[in-house]
Amino acid sequence: SQIQFMKKVTTIFFLVVLFNASHAQMEVGFNTADVGAEFQWYKDGKFIGLHLATNSKLHHSFHATIGYYIAGDPTASFYYNQNNGGLGAGLGYRYYFLLRPHRFFIGAKADLFTYKIMLDTQTPEGPHTSMIFIPSLQTGHMFLINDMFFITPTASFGYKTNLQSKMSADEKKSV
């Protein structure tokens, strides 16, 4: 009776292992976390930051960036940059057409950049904080190298808005 019990336990153990192994093989894709550098170029400035992403098993990726926005609008006649830049951050989502998070994707992103400026009036005012918000749509291609490294050129189209009332003269425009 003890031998029969051991046979039943052994049989059940192997069936459970076999079921779990076959179930795990049915899942497509894999979860990944990406860490990297990010560079964005706008007509009004540049952004250099740290890129963090979490990718789900099927199609989806959520990413965040934090870094430094280098303000560089040489055409602004009503203000000048006090420190030539400031803190920048962004959140985004990407949908990959393949099951794994690589190759072609579409997505959406929202960036927020802040920096100190002086208003260029007859008596200079400031410093004021300029807070630029840019929601955008994006598309791109992730080149995956050896499943360890990636390069992701991206094109985005968004609308720049300055959220500070003192900066109401700053134009809202597409970027």
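The model shown is predicted, which means the values in this text are computed figures rather than measured ones.

### Observations concerning the overall build of the chain
Move 1: When its secondary structure is counted, the chain shows one helix and ten strands.
Move 2: Mapped from its N terminus to its C terminus, the chain presents α and β elements in the order α-β-β-β-β-β-β-β-β-β-β.
Move 3: Here the chain holds 175 residues, and the buried ones make up 32% of them.
Move 4: Taking all contacts inside the chain whose residues are at least 6 apart in sequence as the whole, residues at least 24 apart take part in 50%.

### Comments concerning the environment of Lys43
Move 1: By secondary structure assignment, the location of Lys43 is in the loop between β1 (32–42) and β2 (45–55).
Move 2: Using a relative accessible area of 58% as the deciding quantity, one classes Lys43 as exposed.
Move 3: Along the sequence, Lys43 and Ala71 sit 28 residues apart, while their C-alpha atoms lie 9.7 Å from each other.

### What about the environment of Lys46?
Move 1: With respect to the helices and strands, the residue Lys46 is situated in strand β2.
Move 2: For the pair Lys46 and Ile70, spaced 24 residues apart in sequence, the C-alpha separation works out to 5.1 Å.

### Some details on the layout of surface pockets
Move 1: The computed volume of the largest pocket comes to approximately 570 Å³.
Move 2: In this structure, the largest pocket is lined by 26 residues; those nearest its centre are Glu38, Phe39, Gln40, Thr154 and Ser156.
Move 3: Where the lining of the largest pocket is concerned, the elements lending two or more residues are β1, β6 (103–119), β7 (125–145), β8 (149–151) and β9 (154–162).
Move 4: It is β1 that contributes the most residues to the lining of the largest pocket, seven residues altogether.
Move 5: In terms of residue class, the lining of the largest pocket is made up of eleven nonpolar, ten polar and five charged.

### Quick notes on the pattern of salt bridges
Move 1: On inspection of all chains with the given rule, the structure shows two salt bridges.
Move 2: The partner of Glu38 in a salt bridge is Lys109, and the shortest N-O contact between them spans 2.6 Å. Of this pair, Glu38 sits in strand β1 while Lys109 sits in strand β6, and the two are 71 residues apart along the sequence. The burial state of Glu38 is the same as that of Lys109; both residues are buried.
Move 3: With a closest N to O distance of 3.6 Å, Lys109 and Asp111 form a salt bridge. Side by side, Lys109 and Asp111 carry an identical accessibility label, which is buried.
Move 4: Within the structure, one salt-bridge network assembled from shared partners comprises Glu38, Lys109 and Asp111.

### Examining the side chain of Ser136
Move 1: By the secondary structure assignment, Ser136 is in strand β7.
Move 2: Accessibility expressed as a relative area gives 11% for Ser136, which makes it buried.
Move 3: The residues contacting Ser136, other than those within four sequence positions of it, are Gly107, Ala108, Lys109, Ser156, Phe157 and Gly158.

### Concerning the pairing of β1
Move 1: Both β1 and β2 contribute to a ladder of eleven bridges, which runs antiparallel. Bridged to Ala37 within β2 is Leu50.
Move 2: Hairpin geometry of β1 and β2 is characterised by an intervening segment of two residues between the two adjacent antiparallel strands.

### Quick notes on the side chain of Gln40
Move 1: For Gln40, the position within the fold is in strand β1.
Move 2: A residue is classified by how much of its surface remains accessible, and Gln40, at 9% relative accessible area, is buried.
Move 3: For Gln40, the side chain forms a polar contact with the side chain of Tyr42, separated by 2.5 Å.
Move 4: Ignoring sequence-local partners within four residues, the contact set of Gln40 consists of Gly45, Lys46, Phe47, Lys109, Asp111 and Phe113.

What counts and how
Residues numbered from 1 in each chain as written. Predicted model: local features only at pLDDT ≥ 70, side-chain atom pairs only at ≥ 80, totals over all residues. Heavy atoms only, no water. Helix = DSSP H or I, 4+ residues; strand = E, 2+ residues; numbered from the N terminus. Buried < 20%, exposed > 50% of the residue type's maximum accessible area, 1.4 Å probe, protein only. Contact = heavy atoms within 4.5 Å. 1 Å grid on protein atoms, 1.4 Å probe; cavity = no way out; pocket = protein on both sides within 12 Å on 5 of 7 lines; lining within 4 Å. Points joined across faces, edges and corners; volume = space filled by probe spheres on them. Nonpolar A, V, L, I, M, F, W, Y, C, P; charged D, E, K, R; others polar. Salt bridge = Lys/Arg side-chain N within 4 Å of Asp/Glu carboxyl O. Pairing = 2+ DSSP bridges. Polar contact = N/O pair within 3.5 Å; in protein donor to acceptor, adjacent residues only side chain to side chain.

So yeah, pure geometry; function would need other evidence.
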